[in-house]
Amino acid sequence: MNTFVEALLEALRLILTLDPVVVEIALRSLQVTAIALVISAVLGVPTGAWLALTRFPGKRLFTAFIYTGMGMPPVVAGLAVYLLLSRTGPLGDLGWLFSLRAMVIAQVIIATPLVVGVSMSAVLAVDPSLGQQLRALGATVFQSRLAVLAEARVGVIVGLVAGFGSIISEVGAVMLVGGNIDGRTRVLTTAIVLETRKGNFDLAMALGIILLGLSFLANLVMALGQGRLSEPS
Amino acid sequence: MSIPVTAPSPYVYQINAIQQIYQRRTVLDLDELQIRQGEIFALVGPSGAGKSTLLRILAFLERPASGQVHVQVDGTNWMQDEIPIAQRRKIAMVFQRPALLSRPVRVNVAYGLRLRGNYDGKVRVEEALERVSLTHLADALPRTLSGGEMQRVAVARTLVLEPQILILDEPTANLDPTNVRIIEELVQDQNQRFGTSIVLVTHNIFQARRLADRVALIIDGKLVEVAATEDFFENPKDPRTAAFVSGDLIY
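Criteria and thresholds
Residues numbered from 1 in each chain as written. Chains lettered and ligands numbered in written order. Predicted model: local features only at pLDDT ≥ 70, side-chain atom pairs only at ≥ 80, totals over all residues. Heavy atoms only, no water. Contact = heavy atoms within 4.5 Å. Buried area = accessible area lost by both parts, 1.4 Å probe. Salt bridge = Lys/Arg side-chain N within 4 Å of Asp/Glu carboxyl O. Polar contact = N/O pair within 3.5 Å; in protein donor to acceptor, adjacent residues only side chain to side chain. Helix = DSSP H or I, 4+ residues; strand = E, 2+ residues; numbered from the N terminus. Nonpolar A, V, L, I, M, F, W, Y, C, P; charged D, E, K, R; others polar. Buried < 20%, exposed > 50% of the residue type's maximum accessible area, 1.4 Å probe, protein only. pLDDT = per-residue confidence, 0-100. Pairing = 2+ DSSP bridges. Axes fitted to C-alpha atoms, helices over the stretch in contact; angles between N-to-C directions. Expected span 1.5 Å × (residues − 1). Bend = angle between axes of the 7 residues up to and from the residue. Patch = residues over 30% accessible without salt bridge, like charges linked within 9 Å, V, L, I, M, F, W, Y side chains within 5 Å. Areas by Shrake-Rupley, 256 points an atom, 1.4 Å probe, with all protein chains shown as cover. Left-handed = near helix turned anticlockwise from the far one by under 90°.

K.L.:
Help me out: how do you make sense of the interface of chain B and chain A in this one?
P.N.:
Often the size quoted for an interface is simply the accessible area lost on bringing the parts together. Taken together, the contacts link 27 residues of chain B with 23 residues of chain A. Taking both partners together, chain B and chain A bury about 2,000 Å²; carbon and sulfur atoms supply 50% of that area. Counting the surface chain B buries against chain A, the share from its top three residues, B:L61, B:Y111 and B:R143, is 25%. In this assembly, chain B and chain A are joined by one salt bridge. Of the charged contacts, one joins B:R97 and A:D127 as a salt bridge, the two residues approaching to 3.0 Å between their closest N and O atoms. The interface formed by chain B and chain A contains eleven residue pairs in polar contact (both at pLDDT 80 or more). Listing elements by their share of the side of chain B that touches chain A, those giving two or more residues are α2 (85–88), β6 (91–94), α3 (105–115) and α5 (147–159) of chain B. Residue classes in the side of chain B that touches chain A are distributed as 15 nonpolar, four polar and eight charged.

Structure, rendered in structure tokens:
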């Protein structure tokens, strides 16, 4: 208990004094998360919308893969990326293993199915008659689909926030493919593991509080977004 | 690309031998039907008779499996496959259950104008809102509206487009009498003041009688009888029409 309180107080001091090590690790976490999230959004939102709006042979199979991807253990994604990028792997020549790039790739693989699934649900939740009714007002098929996507925007944003949360709190995959290298690939989650093992509970706690705070911020944004949906005008 | 098929005619729609087939089931099979320029034409019939299917074909939302529909817009006859978007946009449709954008009412009403590149239709939007008595709700979001108010928004977003042809699929089903009256008056007003041709599907034979110039009965995808409203109700030629208007036909 004493250790906990001491660690907590020291953690607060590290945060409030903007300790350079803490700040550097937090910023790197945000950097990896932001890049991975943007790539996941670019890949995932159109794919989800396309799945919701079109029919094609094999769609059920594809959707089943997406749902499996949503539940995939991150460390498995990490392992796959590790094997791909390792010196003897098919993409070994790139020399990306133990770099931020490798971490971003792993995070994109983890987050994209989530973004696809949530975007698909959001588009499916729009009144299926809307597209036809807009076409009856003179919209082309393309224009009516754009409008349906715009209707799904809140759901899509909720999906992206969920993706943010899953990426920034992920530890197994980034540990495997990033290597937790000090000053290069060390992020909040991997640093917490390391500092806890070293017995630096105060530093680990400071990093943990920041991680919690960022997750809280993301969820707050999501809750406010959902609130806007349900509150009367 | 857009060559007139025939000279201007008294008909807004000329339908020749159209069939529509869903999953090998023929849901619509009409030999011939003309809808006149500037009339209110009501389609009645049991559920599943193919009325809504016909409306979607007339609104160019779907193509018939076979047959031809000619439509007269801007004084020119067009085949269904050749009608340019500018002419297709002279046709607007109101559905039984309105699907609105989750944006303020005025944005919904302005939507069709924006599609036509008119970003400056504020006055027309205000006028349309006034016609449906929703000026006070211009900034409201659709989810705060009643069913009748939502349907009036759906009517306003079509009237604002000044359509030459207005297609209505059971526009007052499930509405309270006040809203039924408001919408019926709007339909009549649009027809009388602007000469808009109107095709209306209704379950309510009294509504057909109140509004329509001519009425058609469709059963099982086939046209049973088309007649001027008074003849349709007073002197039906087909026994099924007689049964339908007397309420004996169970549907």
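K.L.:
Help me understand the environment of B:L61 in this model?
P.N.:
Here B:L61 shows up in the loop between α1 (51–58) and β4 (66–73). Its relative accessible area of 9% is what places B:L61 among the buried residues. For B:L61 and B:M93, which are 32 residues apart along the polypeptide, the C-alpha to C-alpha distance reads 9.9 Å. Non-local contacts of B:L61, meaning those with residues more than four positions away in its chain, are made with A:Q132, A:R135, A:A136, B:R56, B:M93 and B:F95.

K.L.:
Help me out: how do you make sense of the confidence of the model for chain A in this one?
P.N.:
Should the pLDDT be low somewhere, the predicted coordinates at that spot are not to be read in detail. Counting all residues, the mean pLDDT for chain A is 91, and 97% of those residues have values of 70 or more. In the model of chain A, helix α11 (residues 201–230) of chain A stands out as the element of lowest mean pLDDT, 83, in contrast to helix α6 (residues 130–135) of chain A, which has the highest, 96.

K.L.:
What is the right way to read the sheet that holds strand β9 (residues 214–219) of chain B from this model?
P.N.:
Within a sheet, each strand pairs with its neighbour through backbone hydrogen bonds, oriented either parallel or antiparallel. Residue and element names in this part refer to chain B. Taken together, six strands build an open sheet; the order of strands is β6-β7-β8-β3-β9-β10 and the sheet is mixed. The sheet is open, and its two edges are formed by β6 and β10 (222–228), each paired on a single side. Across the sheet, the axes of successive neighbouring strands diverge by a mean angle of 15°, strand direction being ignored. With five bridges connecting them, strand β7 (residues 165–169) and strand β8 (residues 197–201) associate as parallel partners. Its bridge partner lying in β8, L166 is registered against I198. Its contacts with the sheet place α5 against β6 and β7, and it is angled at close to 180° to β6.

K.L.:
Is there a simple way to explain helix α5 (residues 100–124) of chain A in this structure?
P.N.:
Three- or four-residue spacings in an α-helix give side chains the same orientation, since the helix completes a turn every 3.6 residues. All names here are of chain A. Taking 1.5 Å per residue, 25 residues should reach 36 Å; α5 reaches 35 Å between its end C-alpha atoms and fits that length. A111 marks the point of greatest bend in α5, at about 30°, and the proline P113 comes within the next four residues. Taking burial as the measure, the 25 residues of α5 include 18 buried ones, the bulk of the element.

K.L.:
Looking at this model, I keep getting lost on a nonpolar patch on the surface. Mind explaining?
P.N.:
A surface patch of nonpolar side chains, amounting to about 500 Å² of accessible area, comprises A:F4, A:V5, A:L9, A:L12 and A:L16. Examined against the element boundaries, A:L9 turns out to sit in helix α1 (residues 2–16).

K.L.:
Even after reading the chapter, I still don't get the side chain of B:N108, so can you show me in this structure?
P.N.:
For B:N108, the position within the fold is in helix α3. What B:N108 contacts, discounting residues up to four positions off in sequence, is B:L100, B:L101, B:R103, B:P142, B:V153 and B:R157.

K.L.:
For this particular structure, what's the right way to read the packing of α3(B) against α5(B)?
P.N.:
The relative placement of two packed helices comes down to the angle between their axes together with the axis-to-axis distance. Residues and elements named next belong to chain B. Two elements in contact, α3 and α5, have axes separated by 7 Å at closest approach and are oriented at 35°. Seen along the crossing, α3 lies across α5 with a hand that is right-handed. Contacts from V105, N108 and V109 of α3 reach α5 at V153, A156 and R157. Taken together, the residues of the contact of α3 with α5 sort by class into four nonpolar, one polar and one charged.

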